[in-house]
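A look at the structure
Here are the chains, one letter per residue:
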Amino acid sequence: MVFEYNCIMALTPEQTHLLDISHHAKVFLQGSAGTGKTTGGTLWLKKLIQSGIPAHEILIFVPQRTLAAPYDRCLQDEPGLAQSLVTTMTLGGLARRMVELFWPVVSPASGVAFPDQPPQFLTLETAQYYMAHIVLPLIEKEGFFASLTINRNRIYSQILDNLNKAAIVGFPIDEIGPRLKSAWVGELDQLNVYDDVQECVNRFRSYCLSHNLLDFSLQVELFQKHLWSSPLCRNYLTRSYRHLIADNVEEDTPISHTILQEWLPDFDSALVIFDEDAGYRFFLGADVESGLALRKTCDEQVKFSTQLVNSPEVQALRTGLQSTIAHLSGNTSTSTIPDFKAVTTALGTPAENPRFFPVMIHWVADQVRQLIDSGASPGEIVILAPFMSDVLRFSLANQLDTLEIPYHSHRPSRPLRDEPTTQTLLTLASATFPEWRLFPKRINLAFALMQAIDGLDLVRAQLLTAYAYEEQTREFPLKPFEAVPSEVRDRITYQAGERYDRLRDWLAEKTPEDSQNLDFFLNRLFGEVLSQPGYGFNNDLNSANIAAVLIESIQKFRWAMDTPAGNNDLSISKEYIQMVMEGVIAAQYIQSWQQDHQDSVFLAPAYTFLIRNQAVDYQFWLDIGSPSWYQRLDQPLTQPYVLSPQWQPSQTWNAEDELAAAHETLSRLSLGLLNRCRKKVFLGPSDMDVSGYENRGLLLRVFQHVLLEARRRSR
Amino acid sequence: MILSADFTFSQSNLQDYRDCPYRFYLRYVLHTRWPALVVEDALKFEQRGQSGARFHRLVQQWLLGVPEDRLHALVTGDPDPDLGQWWENFLEAIPPLLDGERFVETTLATNLAGHRALAKYDLVLVQPDGRLIIYDWKTSQKKPRQDWLEDRVQTRLYQFILACSGGVLTNRAMVTPDQIEMRYWFAPNRTAPITLTYNTDRFEQDRDYFTDLINEITDKPADSFFRTADEALCRFCVYRAHCDRGTLGGDLEDLEDSDRQPEGFEDLLDFDQISEIEF
Ligand code: SF4
């Protein structure tokens, strides 16, 4: 059968060669970013379907769901192409699906206390909650982690991170502490921290088992240890999926690679795609080496090397950067000095380095405006920094607004818990149920009433709460409007007072079930009062959306508390609000569907942009003096290198290792970004960073070196 | 066009449009979520939805070959005593009917008026004589009338899509409509499934009907998605407060009468909806 490519774009000879390979083959395709591998993958998918393979027999396996988007799009663009659906899966999704489907088979061996009851699958949010539930008393009463001064939520998330690493690398959880300890060469105090980590890991796991709770690590472990070897589960998988496309395997984890390695012989065909110079998810457990090893299991190897993205100038800059970083790392074998003209064409810098950060922001926004004015599409511009702090994002957004430049950010400006709608609903609930003893502060209640009641500004709301709210009482704390002195009532207005009374009366009629089921209570509060005429959320679709997300989060929390072992000692609603106040949950961001991101400048942390895997014409790199471009995050409870599969048990982690890791990160990140840049990179340096510190980090020095050498060569 | 080119039609969004164009607009064009109780007895409603989801899961597990004694242990430990009865009814009524190749929780697609349309089946049975039987498990207490079921968007779309795309299950190029049957089976009843047959006339009617419906939706300007005139449909609609069509949820027993499935719990079964932990 002749394959119709069905596409307007011209194929590269390399892509044509790939598509000429039989669709019964197992192909390992490698190449650097920008060589058209994923496009090759989508064409391969079409070829499979057009050759008569039912789409439901095709599995697209990716390390992160978003990376499957090109495959989804390619089928959606042609609705007549497939008569069934391809399956898109990550390792996490696969483990979760299989554990849920084959729970009756796996449960007797799982170690849970109630094998004949269904498990509760924990989300990141509920796992964090249970971790806090276990660790907080150890911190407060037993002095755990006493030598550390970090936010408690970071303690919980790093312990979870360790558990997850053990699962995806494939070592027992009781090796976490010993591994971290044996690699440590610094202060002895840190060894106690690692002992504490191990103790918390053990307690969390045994709590999960005794309550039928499955966090990510346990789901993966159960799948890998018990289900992957179960003929029932294995036959189900091999019967269901006959053809594999695994993209970005370099970003996937060792356990994914082991599974794929064992699974590959069972497929009728496979295309395994490997991006060279990548592995950006290393900190999340990605392992390039075991990904590359999949090559041996495939019968054909194909390499794409034609760069389809970079202009020759950007390529020259990339070569210069690569050579300089290699030199830094002590690799002097190759030394390529790029052409000065090419480098200066590919690189945009201010005539003089601004001293202060705001000046740099102005310069960046001006450059963006000029690019757009000269015909560049805003969607072809990204502004990147190693971290996009709130301050940085705010300053950039302000300046872009001033110059009327459309932009969007990788996330909205505040998390769910900080949304005024969330705070209003939770404050009103806390006031309604004084038995929870959460007693909202007067100013917070005033703020909530201001949001809730139309026509009540903050001054009036404060007046109202000054007279009508009794703080710290065990009785229902809201008094009727008539309790407010008449001269103050005049100032508040009778219309607002009447609305307040209606709300108050509604709240006063609460039932004990309302206290148990906060989500139902808030649903009713929103629908029966706050969305009605005269109240703040009337006809407010955005607030409705936020309230719906909050209520869903509460509902999931309530379900996660419903375990066979019970949690009777807890008031679930109160517990939820407390956890929100402590920042443990409701930390997610709500994306607005209405936002049109099609053609606007993208502001994001560099890694977020990389993992989206899309090339653009212009990139702005901010804060390039910052060491955050290459330094590890400060994570005192974990260590990604020590918990990786490449780590040898007898090794210690010393300053040289740290430096080598920094060079490696710098190279991976900067070359990865350049691979996704078509025309030009603008550097945004400033002598002082956003926090007012003077930074002259490696990346800045590398660029200076490239420019200097190129200029020298040109003379 | 108000919908993106990649919008996928399904029985639930088409049913929404048929019930109330404005609901469709809020849900699928504006992507608005509105917090509200569907019925006042929210806890019971939730429990029924969850029991239904657990029952579907049990059937799925049984169909995939999970040993019956393990499923029995799960049923025995279940908090809802109804589930045990449903399960007993299932084992008595259904297994003798399942001669053929089983496609469990399978999704088929077709191109309708330039858009993708999907149908997600609890079970499609390809029988040795070439017949294709769609099974749909229901856990609602009340069994609706046959003519009502025949007119449902679900029935029409599921049969239509199977006629268009069932060939991918049978390895044959074409499936003819008269090979297709849809069986609704009500777990609380001990009775046999309600069987609805299909034929070429109905297939052609359905094709015209869905094509016209989708064209109507895609051609409609944003301000023409009007609110339904049938206010009874608003009782179980979460947008009722926004539409000024009442603030209180409906009555659970009335919901059963109307045979509208509890919304939201299907997601418990839909793996594609599971937000994966990004690690
Ligand atoms: S409340 Fe009624 S009018 Fe409004 S969207 Fe729902 S069904 Fe339509």
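In this report, the structure presented in the accompanying data block is examined. (Residues numbered from 1 in each chain as written. Chains lettered and ligands numbered in written order. Predicted model: local features only at pLDDT ≥ 70, side-chain atom pairs only at ≥ 80, totals over all residues. Heavy atoms only, no water.)

When you go through chain A residue by residue, the secondary structure sums to 29 helices and 14 strands. In summary, chain A has a C-alpha radius of gyration of 29 Å against a globular reference of 27 Å for 715 residues, a match within 12%. For the C-alpha atoms alone, the extent of chain A along its principal axes is close to 85 × 65 × 65 Å. Within chain A, counting contacts between residues at least 6 apart in sequence, those at least 24 apart form 79% of the total. (Helix = DSSP H or I, 4+ residues; strand = E, 2+ residues; numbered from the N terminus. Rg over C-alpha atoms; globule rule 2.2 N^0.38 Å. Contact = heavy atoms within 4.5 Å.)

Facing the 52 residues of chain B at the interface are 64 residues of chain A. Approximately 5,300 Å² of surface area, both sides summed, lies buried where chain B meets chain A, with 61% of it carried by carbon and sulfur atoms. Seen at the junction of chain B and chain A, the total is 4 salt bridges. If you list the elements that add at least two residues to the side of chain B that touches chain A, you get helix 3 (42–63), helix 4 (68–76), strand 2 (101–112), strand 3 (115–126), helix 7 (153–165) and helix 8 (167–170) of chain B. Among the elements that line the side of chain B that touches chain A, the one with the most residues is helix 3 of chain B, at 7 residues. Split by residue class, the side of chain B that touches chain A holds 27 nonpolar, 15 polar and 10 charged. (Buried area = accessible area lost by both parts, 1.4 Å probe. Salt bridge = Lys/Arg side-chain N within 4 Å of Asp/Glu carboxyl O. Nonpolar A, V, L, I, M, F, W, Y, C, P; charged D, E, K, R; others polar.)

What follows concerns the sheet that holds strand 9 (residues 347–348) of chain A. Residues and elements named next belong to chain A. Strand order in the open sheet made by the 6 strands is 9-14-13-10-12-11, with parallel pairing throughout. Each edge of the open sheet carries a strand with a single partner, namely strand 9 and strand 11 (407–409). Two strands pair when backbone bridges link them, and strand 11 and strand 12 (residues 601–605) are joined in this way by 3 bridges, in the parallel orientation. Residue pairing in the sheet places Tyr407 in a bridge with Val601 of strand 12. (Pairing = 2+ DSSP bridges.)

Turning to the site of the ligand, a few remarks are in order. All names here are of chain B. Taken together, the residues surrounding the ligand are Cys20, Tyr22, Arg23, Arg227, Thr228, Cys234, Cys237, Tyr239, Arg240, Cys243 and Arg245. Comparing atom positions with the cavity grids shows the ligand to sit within the second largest cavity. Its residues assigned to classes, the shell around the ligand shows 6 nonpolar, 1 polar and 4 charged. (Near = heavy atom within 4 Å. 1 Å grid on protein atoms, 1.4 Å probe; cavity = no way out; pocket = protein on both sides within 12 Å on 5 of 7 lines; lining within 4 Å. Sits in = over half its atoms within 2 Å of the grid points.)

All names here are of chain B. For the structure shown, the criterion picks out 11 cavities of 30 Å³ or more. Counted as a void, the second largest cavity has a volume near 90 Å³. Together, Cys20, Arg23, Arg227, Thr228, Leu233, Cys234, Cys237, Tyr239, Arg240, Cys243 and Arg245 line the second largest cavity. (Points joined across faces, edges and corners; volume = space filled by probe spheres on them.)

It is worth spelling out the packing of aromatic side chains at this point. For the structure shown, the criterion picks out 48 aromatic pairs over all chains. Seen from their ring centres, Tyr130(A) and Tyr207(A) are 5.7 Å apart, and the 40° between their planes marks the pair as tilted. One end of the pair, Tyr130(A), is in helix 6 (residues 124–142); the other, Tyr207(A), is in helix 9 (residues 189–210), and 77 residues separate them in sequence. Tyr130(A) gets classed as buried once you look at its relative accessible area, which sits at 1%. On the basis of relative accessible area, Tyr207(A) is assigned to the buried category, the value being 16%. Every member of this aromatic cluster is reached through a ring pair, and the members are Phe7(B), Phe9(B), Tyr17(B), Tyr22(B), Phe24(B), Tyr25(B), Tyr28(B) and Phe225(B). In this structure, Arg179(A) is placed above the aromatic ring of Phe171(A), and the distance from its NZ or CZ to the ring centre is 4.1 Å. Over the aromatic face of Phe602(A) sits the side chain of Arg612(A), whose NZ or CZ is 3.9 Å from the ring centroid. (Phe/Tyr/Trp six-rings, centres within 6.5 Å; stacked < 30°, edge-to-face > 60°. Buried < 20%, exposed > 50% of the residue type's maximum accessible area, 1.4 Å probe, protein only. Lys NZ or Arg CZ within 6 Å of the ring centre and 35° of its normal.)

All names here are of chain A. Formed by 231 residues in total, the largest nonpolar core has its most connected members in Phe145, Phe223, Leu522 and Leu525. Those residues in contact with Leu522 that sit more than four places away from it in its chain are Leu425, Leu426, Ala429, Leu550, Ile551 and Ile554. Counting 38 residues, the second largest nonpolar core, distinct from the first, contains Val343, Trp621, Trp629 and Leu666. (Core = buried A, V, L, I, M, F, W, Y, C linked by side-chain atoms within 4.5 Å.)

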